[in-house]
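Structural overview for review
Residues per chain are reported as follows:
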Amino acid sequence: PFKLILTRSGLEIQVESDQTALEAIEDAGVEIDMSCEMGVCGTCVTAVTCGIPDHRDTFLSAQEKAQNNQFTPCCSRALSDSLTLDL
Ligand code: FES
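Treat the numbers as computed from the prediction; the structure is a model and nothing was measured. Position numbers for residues start from 1 in each chain and track the written sequence from start to end. In keeping with the predicted nature of the model, local features appear solely for residues at pLDDT of at least 70, side-chain atom pairs appear and are counted solely at 80 or more, and the whole-chain, interface and lining totals rest on all residues. Here the side-chain values reflect all heavy atoms present in the structure, with hydrogen atoms and water set aside.

**What about the sheet that holds strand β7 (residues 82-85)?**
Should DSSP find at least two bridges between two strands, the strands are regarded as paired. Strands are runs of DSSP state E lasting at least 2 residues, helices are runs of H or I lasting at least 4, and numbering of each runs from the N terminus. Read from one edge to the other, the open sheet built from five strands follows the order β2-β1-β7-β3-β5, with strand pairing classed as mixed. Each edge of the open sheet carries a strand with a single partner, namely β2 (11-15) and β5 (70-71). Bridge count for strand β1 (residues 2-6) against β7 is four bridges, and the pairing is parallel. Looking at β7, one finds that lysine 3 is bridged to serine 82.

Structure follows, in structure tokens:
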């Protein structure tokens, strides 16, 4: 499990091991665009302002992943205890 801090929404939510970050965000009532839910289309790409994502998509390039300033919440998780998102 890890925590998401949604700065624009003013919410802190927990992502349990059996759910995706996208599901946790939607459960919290925050709208987010998504399509494939498999890490291939890039529709859900969200800016990360703090924390280190565990990138599991095939959309972002290796260089983009290394910058740790965006991630795909439909499939990626967190290496840090929390991620701060521009949502
Ligand atoms: Fe397609 Fe996340 S919804 S990459």
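From this point, things continue past the structure.
**A closer look at the pairing of strand β3 (residues 46-50)**
Two elements, β3 and β5, share two bridges in a ladder whose sense is antiparallel. In the sheet register, alanine 47 faces β5, and the bridge partner there is glutamine 70. Bridge count for β3 against β7 is two bridges, and the pairing is antiparallel. In the sheet register, valine 48 faces β7, and the bridge partner there is leucine 85.

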